Amino acid sequence: MPSAASGSVTESGSGCLRSVAASLMPGLAIALAGWLDDLRGLSARLRFVIYGVACLAAVAVVFLSHFSHSIFAGSIFLSGALIAVVALGLLWWVNLYNF
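Residues numbered from 1 in each chain as written. Predicted model: local features only at pLDDT ≥ 70, side-chain atom pairs only at ≥ 80, totals over all residues. Heavy atoms only, no water.

### Quick word on the pattern of salt bridges
Opposite charge on two side chains permits pairing when their charged atoms draw close. Summed over all chains, the structure comprises 1 salt bridge. One salt bridge in this structure joins Arg 47 and Asp 37, with 3.5 Å as the shortest N-O distance. Here Asp 37 lies in helix H1 (residues 7-39) and Arg 47 lies in helix H2 (residues 44-66), a separation of 10 residues in the sequence. Look at Arg 47 and you get buried, because its relative accessible area is 12%. (Salt bridge = Lys/Arg side-chain N within 4 Å of Asp/Glu carboxyl O. Helix = DSSP H or I, 4+ residues; strand = E, 2+ residues; numbered from the N terminus. Buried < 20%, exposed > 50% of the residue type's maximum accessible area, 1.4 Å probe, protein only.)

Have a look at this one:
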């Protein structure tokens, strides 16, 4: 039975912290882009690229951390297609809210 002093408990805790940090980074990128847009005014094209990359990263992090053992994990094409479709939907939502 693992105790708090053994390495297995702390290793899983640090993996969880990395997962949370990776999940928060895309949101922070969107928030930073919004803040910079308020200060200096970013072009719509640059904001769209930042939002697109952030949405793709957010969906990829969630897919790889939670759904890597799903039916889509066996096919790289299906995994990529699922990530792209969900990221496009998220980008649409972020675009509606921020533009």
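### Some words on the packing of aromatic side chains
Each aromatic ring pair is specified by the distance between its two centres and by the angle formed by the two planes. As enumerated under the stated definition, the model contains 1 aromatic pair in all. Relative to Tyr 97, the ring of Trp 93 has its centre 6.1 Å away and its plane inclined at 10°; by these criteria the two rings are stacked. Of the two residues, Trp 93 and Tyr 97 both sit in helix H3 (residues 76-98), 4 residues apart, roughly one turn of that helix. Residue Trp 93 shares its accessibility class with Tyr 97, and that shared class is exposed. (Phe/Tyr/Trp six-rings, centres within 6.5 Å; stacked < 30°, edge-to-face > 60°.)

### Quick word on the confidence of the model for the protein chain
Looking at the protein chain, pLDDT values average 78 and 72% of them are 70 or higher. Element-level pLDDT for the protein chain is lowest in H1, with a mean of 77, against a maximum mean of 87 in H2. In the predicted structure, residues 1-11 sits below a pLDDT of 50 and forms 4 contacts with residues beyond four places in sequence or in another chain. (pLDDT = per-residue confidence, 0-100. Contact = heavy atoms within 4.5 Å.)

### A closer look at a nonpolar patch on the surface
A surface patch of nonpolar side chains, amounting to about 400 Å² of accessible area, comprises Val 20, Leu 24, Met 25 and Leu 28. Relative to the helices and strands, Met 25 is located in helix H1. (Patch = residues over 30% accessible without salt bridge, like charges linked within 9 Å, V, L, I, M, F, W, Y side chains within 5 Å. Areas by Shrake-Rupley, 256 points an atom, 1.4 Å probe, with all protein chains shown as cover.)

### A short note on the nonpolar core
One recurring pattern in soluble globular proteins: nonpolar side chains tend to sit buried together. Counting residues in each nonpolar core, the largest one holds 6 residues, listed as Ala 33, Leu 42, Tyr 51, Cys 55, Leu 91 and Val 94. Of all the secondary structure elements, the ones that give two or more residues to this core are H2 and H3. Not counting the four nearest positions on each side in its chain, Leu 91 is found in contact with Phe 48, Tyr 51, Gly 52 and Cys 55. (Core = buried A, V, L, I, M, F, W, Y, C linked by side-chain atoms within 4.5 Å.)

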